[in-house]
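# Structural overview for review
Listed below, chain by chain, are the residues.
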Amino acid sequence: MIASLKKNQKFAEYKRSLRFAFYCLTHPLDGFWDLTHEKRGSIAAANTILILTLLARLMRLQFTGFLFLRVYWPEVNILLQVGSVVFVLAIWCLGNWGLTTLFDGKGRLSQIYMATCYGMLPYPLIQFPLIILSNVVTADEAEFYSVLSGFSLLWAAVLIVVAMAQIHEYKMSKNLLFIVFTAFAMLVIVFILLLFFSMISQGVAYFISLVREMLFRI
Amino acid sequence: MKKRLMRMTACVMAAGVLAVSGTSITARADSGYTYTYDYWGDIQYSPDAYEPTGVYTSADLGLEVNMRAPEGLFVYGEYIYVCDTGNNRILEFKRMDVDSIGFVRSIDGITGDPNGGAFNSPTDVCVTADGFMYVADMNNNRVLKLDMDGNYIMEFVKPTDATFDQEIDFLPSKIAVDTAGRVYCVAKNVNKGLVKFENDGVFSGFVGATPVTFDWTDYIWKRLATKAQRENMASFTPTEYENLYMDYEGFIYATITQANETDIDNGSTDVVKRLNLMGSDILVRNGEYSIIGDLYWGDGGGYNGPSLFTDVTAMENDIYYLLDKVRGRVFAYDDQGRMLYAFGGPGNMNGYFRRPAAIDHMGHDLLVLDSLDNAITLFTPTQYGQLIFDAIEQFQDGFYEESGASWQKVMDLNNNYDLAYIGIGRALLRQEKYEEAMEYFKLKYDDDNYSKAFKEYRKEWVEDHIGIIFTVIVLLLVVPLVIGRIKRVKWEIAKAEIFMKQ
């Protein structure tokens, strides 16, 4: 009895935190402040928004009208499509966290993740209806689609920028500076990863050839 | 980029087409001789649209002296004229039968010519309806006008006009003559366009000069370079024309071969133009890809670089054929600039070329002159090729249903042919079967036609469902209103003082 009540309570909390994302859409300054400082957000809701974003990204490939998106299916890799969001999000969070903790940023890694995911909400929110819209317009009316599509990205970008300022308690100038630095940090992470992977693969290749050589001699 | 490397899957599909195509068709879909590009730019092998009916060498044609490096070919009615450049003569042949060409005569000299009476490297010949023969007598620096018996009438010589660079020789290499007897000529080392003469021999200017373009990167480089470096840089000169062909409407198809490889690849240089009387390019380029022949080229086996079109010919149905001298291929394009098919290749077999020099057409048949083989190759359309002609011509004549049926037959022979799908779709569109048309356009990504069909379909749909649409809208507006009203009444009852007192 108590367990089910608690479960219900948890679920209600999750619903409340998810509904709070819609408040953040229109009141970003206020919303993202409360998100962490008033504990109005939750990781579960953030995960939900991320999954919705990924779904929107995959579904538009299949269901967008061909006037707007033509997919060369032999070269589509779902893992790459998912990775292009998840991987970028991961190194964004890491890079941002790594820099801001050194410079008085108040946000923790989980909070950066949560705020960024909340900021991505406009993308699924607009892209899902756009998938339907793309099937009922002609080439002459294509502008509606492209404007709305661009708007979804712009809105998400604005939300994320504001979110970072609010959770780190930065002024906007400092925030923008650190977003630029984060971009560089992301590049550095990519570079190190590449270096790492190529070193590992070369190391592995060395031992494989060593073993092969030995097997050949024996 | 939509460009992809050619795939082995295309071969598999082509083999599938052969299996489908049945027994009555002689087309060889598996040979890789004929191909098209699909929407994505992948090569799709197709049944042969043209077959070499015969290759006619000097011996086959019954010539006493073998042809030597012939360069010009002209078809008038059933007569075929060849400029035997190396032997300084004009040869006349007649198409006797479907597969035979007979020798008529050889014009070795000019009667009544004030300047020697002999040709010197004639490179092109042209015969007009009013019974005159024009010859580009290149190394004599003139274009000759003769009557059909080889009698001298007049000549067009180097213009004395200031716009013509007087330091260079006038070397007319290719000519075309319009119905009024005006001569358009491609002259070597002239980059201002086609040299145009009035019918009285007066030079009247250049036609179709390629506009000089340069982008801002060139500008920056020039600003940074020293004066000496600047002089070493290639100057921005317009390109020379390679060949020309006057079509049945009097428009001139012209090709350019002196073009930068990257410019051809990215479509910034148009290697084929269709010039009107004003010299503006009116060629329709509605295809997915630029009109450059092969979309991909490697560097191997002695063949490299893009297709270079040494000659062009256009039929009455506005289908034009481009002859690639690099790989010996013939590319066919329709009036919208979409590639119909490409065939040919380098080699010694029938239907392959070593140094193709000129192409012309006789009805639907094609003639290609090879200046290294000294031979004329005669191509006739296969059943597949004929069906494509039928479909296009029926559509042009307004027989949309018949055109759709012909395209359907084409599709039965070649399932991977985008134009067949679009052709059927266009025929359906004209018959106002919008929903079916949409399916065909969607399959081959034809957005313009799809939009046309969809617009009509949407209109029809709205008209058919106007009752339901109105009902839904009314319900959407009315239901919340009513619910709000009921709620308000309930709330007022609950709040009413009479009930509150108890």
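Cut-off values and rules
- Residues numbered from 1 in each chain as written.
- Chains lettered and ligands numbered in written order.
- Predicted model: local features only at pLDDT ≥ 70, side-chain atom pairs only at ≥ 80, totals over all residues.
- Helix = DSSP H or I, 4+ residues; strand = E, 2+ residues; numbered from the N terminus.
- Rg over C-alpha atoms; globule rule 2.2 N^0.38 Å.
- Buried ≥ 20, exposed ≤ 12 C-beta atoms within 10 Å, placed from the backbone.
- Contact = placed C-beta atoms within 7 Å.
- Domains from an automatic or database assignment.
- Pairing = 2+ DSSP bridges.
- Axes fitted to C-alpha atoms, helices over the stretch in contact; angles between N-to-C directions.
- Nonpolar A, V, L, I, M, F, W, Y, C, P; charged D, E, K, R; others polar.
- Core = buried A, V, L, I, M, F, W, Y, C linked by C-beta atoms within 7 Å.
- pLDDT = per-residue confidence, 0-100.

## With respect to the overall build of chain A
Along its length, chain A carries eight helices and zero strands. Mapped in sequence order, the helices and strands of chain A form the string α-α-α-α-α-α-α-α. Radius of gyration (C-alpha) of chain A: 22 Å, far over the 17 Å computed for a compact globule of 218 residues. C-alpha atoms of chain A, sized along the principal axes, occupy 70 × 50 × 50 Å. Counting across all 218 residues of chain A, residues that qualify as buried make up 27%. Considering only intrachain contacts with a sequence separation of at least 6, the fraction spanning at least 24 residues in chain A is 76%.

## A few points about the domain arrangement of chain B
Along its sequence, chain B is carved into domain 1 (50-381), domain 2 (401-464) and domain 3 (470-501). Once you take the C-alpha centre of each, domain 1 of chain B and domain 3 of chain B turn out to be 84 Å apart.

## Observations concerning the sheet that holds strand E18 (residues 272-275) of chain B
Where strands meet in a sheet, backbone hydrogen bonds hold them as pairs that are either parallel or antiparallel. Residue and element names in this part refer to chain B. One open sheet holds the three strands; their spatial order is E16-E17-E18, and the pairing between them is antiparallel. In this open sheet, the two strands that pair with only one neighbour each are strand E16 (243-246) and E18. When strand polarity is set aside, the average angle formed by the axes of neighbouring strands in this sheet is 20 degrees. Across four bridges, the pairing between strand E17 (residues 252-255) and E18 is antiparallel. Along E18, the bridge assignment pairs Ala-254 with Lys-273.

## Quick word on the interface of chain A and chain B
In this assembly, seven residues from chain A lie in contact with nine residues from chain B. Partitioning the side of chain A that touches chain B into residue classes produces four nonpolar, one polar and two charged.

## Section: the nonpolar core
Residues and elements named next belong to chain B. Ile-175, Cys-185, Leu-244, Tyr-321 and Val-330 are the most contacted members of the largest nonpolar core, which has 120 residues in total. Looking at this core, the element that brings in the most residues is helix H8 (residues 418-430), giving eight residues. Split by domain, the residues of this core number at least three in each of domain 1 (50-381) and domain 2 (401-464). Setting aside anything within four residues of it in sequence, one finds Val-330 in contact with Tyr-321, Leu-323, Ala-342, Phe-343, Gly-344, Ile-359, Leu-366 and Val-368.

## So, the environment of Leu-73 of chain B
Residue and element names in this part refer to chain B. Mapped onto the secondary structure, Leu-73 falls in strand E4 (residues 72-76). C-alpha separation for the pair Leu-73 and Asp-360, spaced 287 residues apart in sequence, amounts to 6.8 Å. Leaving out residues up to four positions away in the same chain, Leu-73 has contacts with Val-82, Ala-358, Asp-360, Leu-367 and Leu-369.

## Observations concerning the sheet that holds strand E11 (residues 152-157) of chain B
All names here are of chain B. Strand order in the open sheet formed by four strands is E8-E9-E10-E11, and the pairing between neighbours is antiparallel. This sheet does not close on itself; its edge strands, each paired only once, are strand E8 (122-127) and E11. Geometrically, the sheet is characterised by an average inter-axis angle of 20 degrees between neighbouring strands, direction not taken into account. Both E8 and strand E9 (residues 132-137) contribute to a ladder of five bridges, which runs antiparallel. Across the sheet, the residue bridging to Val-127 is Met-133, located in E9.

## Observations regarding the environment of Gly-363 of chain B
For Gly-363 of chain B, the location among the structural elements is in the loop between strand E25 (356-362) and strand E26 (365-370). As a C-alpha pair, Gly-363 of chain B and Tyr-76 of chain B span 287 residues in sequence and 10 Å in three-dimensional space.

## Brief notes about the confidence of the model for chain A
Confidence in the prediction of chain A, expressed as mean pLDDT, is 92, and 98% of residues score 70 or more. Here helix H1 (residues 2-26) of chain A stands out as the least confident element of chain A, with mean pLDDT 86; helix H8 (residues 172-217) of chain A is the most confident, with 95.

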